[in-house]
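What the coordinates show
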Amino acid sequence: MTGLLLLRHGQTDWSRDGRIQGNTDTALSEQGRHWLERRRLPAEFNAWRRFSSPLQRCVQTCQCLGLPGVELESRIVEMDWGAWEGRTLSELRAQAPDAMRENEARGLDFRPQGGESPREVLGRVREWLAELVQSGQSAVAVTHRGVIRVVLAEGFGWDMMGRPPVNLDWNSGHLFRLDAGGRVQPERMNIALEPMTPCQESL
């Protein structure tokens, strides 16, 4: 079985304000950097291969966590939200309540204006997962909420209709296992990052 630990990037000004980021290349906020610089991966994952979405908020998260040797992987970039990037869901729901209700009821086939659906995100992520299994190497990936949600959907057989099967802490890691056929199995959700010790901070 191949291990896969997924981490969402740290806080940005847009995520703090509830704005949809999508492919917009936002940077970490000062608060996001400050929090991450005082955290490290749990030691059990230190020897695993490392990947990051190429968007700067993920690359900066890797840097703040002190992760060397990170490989950039475009297939784990955030879902493209098209014309809705920079907006909030509450704004969109207020602007066109019936249309948004119908769109959100499509689950995996929800589609922002000019963007991609979660099902399309899952398609590109599946290609990457298959390559990861072929490599035989477990991996840590710093990615985005939309990517983690489609992997969660795959693992639990969730169609993204209604509430998710588990509540995720977006400041924690989420561990999955991939079998030889590339199928996703949830293992441990909400694995906390470890605070740095005073000795580590002085290095």
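Scroll up to find the structure.
Now for a quick tour of the structure. From a predicted model like this one, the values you see are computed outputs, not experimental measurements. (Residues numbered from 1 in each chain as written. Predicted model: local features only at pLDDT ≥ 70, side-chain atom pairs only at ≥ 80, totals over all residues. Heavy atoms only, no water.)

Our next topic: the environment of Glu91. Relative to the helices and strands, Glu91 is located in helix 4 (residues 89–95). Taking the relative accessible area as the measure of exposure, Glu91 reaches 32% and is therefore partly exposed. It is 21 Å that separates the C-alpha atoms of Glu91 and Arg163, two residues lying 72 residues apart in sequence. A polar side-chain atom of Glu91 sits 3.3 Å from a polar atom in the side chain of Arg87. (Helix = DSSP H or I, 4+ residues; strand = E, 2+ residues; numbered from the N terminus. Buried < 20%, exposed > 50% of the residue type's maximum accessible area, 1.4 Å probe, protein only. Polar contact = N/O pair within 3.5 Å; in protein donor to acceptor, adjacent residues only side chain to side chain.)

Both the distance between ring centres and the angle between the ring planes are used here to describe each pair of aromatic rings. In this structure the tally under the stated criterion is four aromatic pairs. Between Phe51 and Trp128, the aromatic rings sit 5.3 Å apart at their centres with planes inclined by 80 degrees, giving edge-to-face as the arrangement. Here the residue Phe51 occupies a position in strand 3 (residues 49–52), and Trp128 occupies one in helix 6 (residues 118–135), the gap between them amounting to 77 residues. On the accessibility criterion, Trp128 (3% relative accessible area) is buried. Lying across the ring of Trp170, Arg8 places its NZ or CZ 5.8 Å from the centre. (Phe/Tyr/Trp six-rings, centres within 6.5 Å; stacked < 30°, edge-to-face > 60°. Lys NZ or Arg CZ within 6 Å of the ring centre and 35° of its normal.)

Bringing the pattern of salt bridges into the picture now. As enumerated under the stated definition, the model contains 16 salt bridges in all. Between Arg87 and Glu91 there is a salt bridge, with its nearest N and O atoms 3.3 Å apart. Linked through salt bridges whose partners overlap, the residues forming this network are Asp13, Arg16 and Asp17. (Salt bridge = Lys/Arg side-chain N within 4 Å of Asp/Glu carboxyl O.)

Moving on: the nonpolar core. The biggest cluster of nonpolar side chains holds 35 residues, and the ones touching the most others in it are Leu4 and Trp128. For this core, the elements supplying multiple residues, two or more each, are strand 1 (2–8), helix 6, strand 5 (139–143), helix 7 (145–156), strand 6 (172–178) and strand 7 (184–192). Top element by residues in this core is helix 6. It accounts for seven residues. Excluding anything up to four places from it in sequence, Leu4 contacts Trp48, Trp128, Leu129, Leu132, Ala139, Ala141, His174, Leu175 and Phe176. (Core = buried A, V, L, I, M, F, W, Y, C linked by side-chain atoms within 4.5 Å. Contact = heavy atoms within 4.5 Å.)

A few words now on the side chain of Thr61. Examined against the element boundaries, Thr61 turns out to sit in helix 3 (residues 56–64). Within polar-contact distance, the side chain of Thr61 engages the backbone oxygen of Arg57 at 2.7 Å. With residues near it in sequence (within four places) discarded, Thr61 still touches His9, Gly10, Leu28, Leu36 and Val142.

Moving on to the sheet that holds strand 7. An order of 4-3-5-1-6-7 is seen for the six strands of this open sheet, with the pairing classed as mixed. The sheet terminates laterally at strand 4 (70–72) and strand 7, the two strands that pair on one side only. For this sheet, the mean inter-axis angle between neighbouring strands, taken without regard to orientation, is 25 degrees. For strand 6 and strand 7, the ladder comprises six bridges, and the chain directions are antiparallel. Residue Gly173 lies in a different strand from strand 7, and its bridge partner there is Ile191. (Pairing = 2+ DSSP bridges. Axes fitted to C-alpha atoms, helices over the stretch in contact; angles between N-to-C directions.)

With that out of the way, let us pick up helix 3. Within the sequence span of helix 3, burial applies to Arg57, Cys58, Gln60, Thr61, Cys62 and Cys64. In the core, the buried residues of helix 3 are packed alongside helix 2 (30–36), strand 2 (39–40), strand 3, strand 4 and strand 5. Gly66 lies just past helix 3 and shows a positive phi near 70 degrees.

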